[in-house]
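A structural walkthrough
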Amino acid sequence: MANDEVILLDFWPSMFGMRLRIALAEKEVKYEYKEEDLRNKSPLLLQMNPIHKKIPVLIHNGKPVCESNIAVEYIDEVWKDKAPLLPSDPYDRAQARFWADYIDKKLYDSARKIWGTKGEEQEAGKKDFIECLNVLEGELGDKPYFGGDNFGFVDIALIGFYSWFYAYETYGNLSTEAECPKFVAWAKRCMQRDSVAKSLPDQHKVLEFIKVLRKKYGVE
Amino acid sequence: MATGSVKLLGVWASPFVNRVEIALKMKSVEPEFILETTLNKSELLLKSNPVYKKIPVLLHDEKPICESLVILQYIDDSWPSGPSILPSDPYDRAIAQFWASYIDEKWYPLVVEFMKAEGKEAKAAVLEKISEGNLLLEEAFIKINKGKSFFGGDRIGYLDIVLGSLLGWVKAIEMMDEMKILDETKMPSLAEWDKRFCSDNVVKDIIPQPEKLAEIHRKFHQMKKATSN
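Please read these numbers as outputs of a predicted model, since none were measured by experiment. (Residues numbered from 1 in each chain as written. Chains lettered and ligands numbered in written order. Predicted model: local features only at pLDDT ≥ 70, side-chain atom pairs only at ≥ 80, totals over all residues. Heavy atoms only, no water.)

1. Considerations on the nonpolar core
Definition in use: As used in this record, nonpolar core signifies buried Ala, Val, Leu, Ile, Met, Phe, Trp, Tyr and Cys residues forming a set joined through side-chain atoms within 4.5 Å. Only protein chains enter the accessibility calculation, which uses a 1.4 Å probe; a residue whose area is less than 20% of its type maximum is buried, one above 50% is exposed, and one in between is partly exposed. Runs of E in the DSSP output that reach at least two residues are strands. Runs of H or I that reach at least four are helices, and both are numbered from the N terminus. Pairs of residues are marked as contacts when any of their non-hydrogen atoms sit within 4.5 Å.
Grouped together as the largest cluster of nonpolar side chains are 150 residues, with contacts concentrated most on Tyr-168 and Trp-186 of chain A together with Trp-107 of chain B. Considering every element that reaches this core, the biggest residue donor is helix α4 (residues 90-116) of chain B, with 13 residues. Beyond its immediate stretch of four places on either side in the chain, Trp-107 of chain B contacts Tyr-102, Ile-130, Gly-133, Asn-134, Leu-137, Leu-163, Leu-166, Val-170 and Leu-182 of chain B.

2. Observations concerning the interface of chain A and chain B
As a reminder of what qualifies: Buried area is a sum: the accessible area each of two parts loses on coming together, probed at 1.4 Å, counted once for each and added. The term salt bridge refers to a side-chain nitrogen of Lys or Arg lying within 4 Å of a carboxyl oxygen of Asp or Glu. Any N or O atom pair separated by 3.5 Å or less is treated as a polar contact, with the protein-specific requirement of one donor-capable and one acceptor-capable atom, and with residues adjacent in sequence counted only for side-chain atom pairs.
Contacts between the two partners involve 24 residues from chain A and, on the opposite side, 24 residues from chain B. Surface buried jointly by chain A and chain B totals about 2,200 Å² across both partners, of which 67% is contributed by carbon and sulfur atoms. The largest per-residue losses of area from chain A upon contact with chain B belong to Ile-51, Tyr-91 and Phe-98 of chain A, which jointly make up 28% of the total buried on that side. When the shortest N-O distance is used, the salt bridge between Arg-93 of chain B and Glu-77 of chain A registers 2.8 Å. For the pair chain A and chain B, the number of links is eight residue pairs in polar contact (both at pLDDT 80 or more). Where the side of chain A that touches chain B is concerned, the elements lending two or more residues are β4 (63-66), α3 (68-78) and α4 (90-116) of chain A. The element contributing the most residues to the side of chain A that touches chain B is α4 of chain A, with 12 residues.

3. A look at the UniProt feature "domain: GST C-terminal" (unreviewed entry) in chain B
The criterion, for reference: UniProt positions are given in the numbering used here, feature names are shortened, and annotations may be inferred rather than shown by experiment.
In the numbering adopted here, UniProt assigns the feature "domain: GST C-terminal" (unreviewed entry) to residues 89-220 of chain B. Between the C-alpha atoms that bound residues 89-220 of chain B there is a distance of 43 Å. The span itself is 71% helix and 0% strand.

4. So, the pattern of salt bridges
One pass over the structure, following the stated rule, counts 29 salt bridges over all chains. Lys-127 of chain A serves as the salt-bridge partner of Glu-131 of chain A, at 3.8 Å between the closest nitrogen and oxygen. Taken as a pair, Glu-131 of chain A and Lys-127 of chain A lie in helix α5 (residues 119-140) at a separation of four residues, close to a single helical turn. By relative accessible area, which is 44% here, Glu-131 of chain A ends up partly exposed. Look at Lys-127 of chain A and you get exposed, because its relative accessible area is 55%. Linked by salt bridges that have partners in common, Glu-73, Arg-93 and Arg-97 of chain A together with Asp-77 of chain B make up one network.

Set out below in structure tokens:
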């Protein structure tokens, strides 16, 4: 793999981009990080992801892989000699894919309502968000990670959201520690990993970013 | 070679269930088909899929696997000696997963939106978006099939199953609304692929005839109206 060219098109607060940063770090893959300005998307992004025009995009030797969970699986398969991210057992793999998909289907939209809306819609978002986290806590159980003893695919799919928690708590007026203590304990455990600590932005920086977004959407 | 009981919770009319049926048939696995009804979900379904409470659910040795795309990959992983469902190359696999996600999250929801839209104008507006998607799928097919008959090459694979399973309902909707969703002049390669897919030995007894689907759609709506009065 010595002559691999790996580029990541990303946007620093994206919890989806964070998935790829973590996966690449776990695999110790050298790559070029390119920050996109989503208000002014680069020709490279538009060329590499013409269908959705979204980040993150992994570009491996000139070929794009889009959709973050798909790209994490790809990274796992290509750099298979270290740090397996998906379990080897087919049933466990199916469970991992199921939960990563659940996170994509349920968590993002409810979380967005917490910082992006007011009143009834925000309350509904808060309720759904906490419910989601409780379901995920149920799945985690007493395991240190969703993958069991090993940090893996579902942990990677979920941990990026933690960098937005200070923003959720501030704008949603909620305490995740009180509502989902197991989740917070798991998140802090993940944050002790180098790959995670280096890939997640500071929560205060995210808060400032959300503040600007809220003004833009007229929520402030 | 995986052993143990194989059960499939579903209904014959669900394209998502059809996907699992096709995949199992490819691997020469005959499941016990447990018929669910949409109106009265069984204890087994609620226990096996507490998160979504939906079919299909595959029960392998009584252990549930949910979400059709997850199930397809599971079947491929669990029965590796049969013909492959997903491509073997990681990049081709990522491309197949990308298009499956596009079909399920963007394209098919538009088809459902088309069905639900009321009036010719509203339907025409949605149809325009679907047509854009159709062109993308046509381009993708030409790129992916590398000159062969199916997305999967010489025989059907993951993307053939994902898109092909939806064709029964797409044609049923075309019949009910008397409007063309799949325009063979604009998607000639996929039109040919459609015929090949539907007549494939593994597929042909599984995807229901559009007429039958249109009929149960009508019956279901009559039933809904009756119970809501």
